[in-house]
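Residues per chain are reported as follows:
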Amino acid sequence: MTAPTDTKAPVTATNFLRNAIERDLEANTYAGRHWGGSPGDAAHHAAGPLDPAKIRTRFPPEPNGYLHIGHAKSICLNFGLARDYAGVCHMRFDDTNPEKEEQEYVDAILDAVRWLGFNWEQNGASYLFYASDYFDFMYRAAETLIERGHAYIDEQNAEAMRATRGTLTEPGTNSPWRDRPAEESLRLFREMRAGKHAEGSMILRAKIDMASPNINMRDPAIYRIRFAEHHNTGNTWCIYPMYTFAHPIEDALEQITHSICTLEFEDQRPFYDWVLERLAEAGLLAHPLPHQYEFARLNLTYIVTSKRKLKQLVDEKHIEGWNDPRMPTLAGMRRRGYTPESLQMLAERTGASKSNSWIDYSVLEGCLREDLEGKAPRAMAVLDPLKLKLTNWDEVIGAGRVEACVAPAHPHHPEFGERRFNLTPEIWIEREDFEEIPPKGFRRLYPPQAGQAGNMARLKYGYVIECTGCEKDAAGNITAALARIVPDTKSGTPGSDSVKVKGVITWVSATQGIATEVRLYDRLFTEAQPDAGERNFLDALNPNSKRIITAWVEPGLANAQAEQKFQFERHGYFVADRVDSRAGEPIFNLAVGLKDSWAK
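Residues numbered from 1 in each chain as written. Predicted model: local features only at pLDDT ≥ 70, side-chain atom pairs only at ≥ 80, totals over all residues. Heavy atoms only, no water.

## Comments concerning the confidence of the model for the protein chain
- In this model, the protein chain carries an average pLDDT of 94, and 97% of its residues clear a pLDDT of 70 or more.
- Per-residue pLDDT stays below 50 along residues 1-11; that stretch engages in 22 contacts with residues further than four places along the chain or on separate chains. (pLDDT = per-residue confidence, 0-100. Contact = heavy atoms within 4.5 Å.)

What follows is the structure, encoded as structure tokens:
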């Protein structure tokens, strides 16, 4: 690989991570590193040239579920920092837990990262890695720790280990197996690998300090027995490394400089450093070693991001799958209509800090509105249709004729072109645009009242009309509104503004419009923190988080492509569903309204 060509100084807001990177670059902390062309131990990298990447970061999800909005922040941070500082970001799967990991999740994660706008290929090289590719080295590292007196085989059961671990205020007590000879631990460890011992019968533990004030340093487990098939290595292994042991090794083999984690891993950093230093002392790894940094995860109101809880929503069919548009997964948000740019905007605006805080969901929605405002073409749609009959059509327009209307595809971007549709004798309007007995201040259509003429309003891109009455069925329900066209008031024609009106009505032709399914999505939970404390998060599910209606849209929307986004005038931003839409038969999902409907 050659050094990245884009070395421009970043123009984004600074934060403690950027400050740390800039200090390291100024001090040439990692300038002497070598890169062997692929992950490897100290000898492998020493044989390679100086590393052309100024920094190396990584995004290391476990493939046990779909990525969610919290992961989007980590993706933007890691890939973004590597981009801004002439570095490389590795895409790595932390697949050390075979019982929960599946190829489906691997594929979904790669798809989500690409969709978000990032790539792990640079200058002809791929930086896609799997922790399971390092199992041989991890096993070798574990044997080295045993041989050097830093690890031992413990035969206590899980309950006994918990009992001897101690508490936050009391030290732990040594295992009866802690001082067994290294040769004996090495023999047992090799027998574990050979499948000669049952799950739970023994475990490999690091030998550190059972009296440490940091519980994570009280002889943590580093290898356990699991007779489970792995998605990548099959049945090659029946022992697997613990994440806290594998993580620092993965970073070191990949020459990661800045290992960026969320705050819950802060207490694990001493063990991270301990593992790397012990292996460097043994000559397996070389200095400078990776350094771990922790930032506050993205806490967004009205969602849950626990993979276990998200999986529960899927398994118990509270939603329709991982890509349900109500889910905070990237697959669900993409289907809902969120854009990569809106999620990148959220990540940038929420920044990276060491303090946990809650971000209101409306901030995310605001990012989407801001992004779509300038790029989503407009269209008229009627979501709650009431028929409007133009009673003097034949006299003003002519029997059997239609009136051509033209509107900009976007009011501020003439380069988007125009949209064309016809006004016809019968159209659909929103039911709320007609009131038989109008409330005070009502500006749209109502029939004559107490000797006064019916109210006037403008059909957007069309004529001014005057309401004359309505039609009802036998039960007294209004089935149609009636109005007359005011001649010579067509939008865009001379004298069209001669009649002043205060109300403007969106509409769709009843004969040429397209009837389509529209899914009105809302927040999945009614509580800002649905899983706070001991609360059962399912109790906060919003029973009205999805409504399906039949709406009428402009005829041009029949050709909407999957994932194409529009602003339905007056209503909000909608997207053609990427799963269920078919050619000529789009289904539209509400992405976000024009205003925050949850604002207090």
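## Some points on the layout of surface pockets
- Roughly 520 Å³ of volume is contained in the second largest pocket.
- Lining the second largest pocket are 23 residues, and of these His571, Leu590, Gly593, Lys595 and Ser597 lie nearest its centre.
- Elements that contribute at least two residues to the lining of the second largest pocket include exactly α13 (361-373), β25 (514-521) and β29 (588-593).
- Looking at the lining of the second largest pocket element by element, the count peaks at four residues for β29. (1 Å grid on protein atoms, 1.4 Å probe; cavity = no way out; pocket = protein on both sides within 12 Å on 5 of 7 lines; lining within 4 Å. Points joined across faces, edges and corners; volume = space filled by probe spheres on them. Helix = DSSP H or I, 4+ residues; strand = E, 2+ residues; numbered from the N terminus.)

## Points about the sheet that holds strand β1 (residues 56-59)
- Here three strands make up an open sheet; going across it, the order is β1-β2-β5 and the pairing parallel. The open sheet terminates on both sides in strands that have one partner only, identified here as β1 and β5 (128-130). Neighbour to neighbour, the strand axes of the sheet diverge by 35 degrees on average, direction disregarded.
- Of the strand pairs in this sheet, strand β2 (residues 88-93) and β5 are connected by three bridges, and their pairing is parallel. Opposite Arg92, over in β5, you have Phe129 as the bridge partner.
- Packing of helix α3 (residues 69-84) onto the sheet brings it into contact with β1 and β2, and relative to β1 it is tilted by some 160 degrees. (Pairing = 2+ DSSP bridges. Axes fitted to C-alpha atoms, helices over the stretch in contact; angles between N-to-C directions.)

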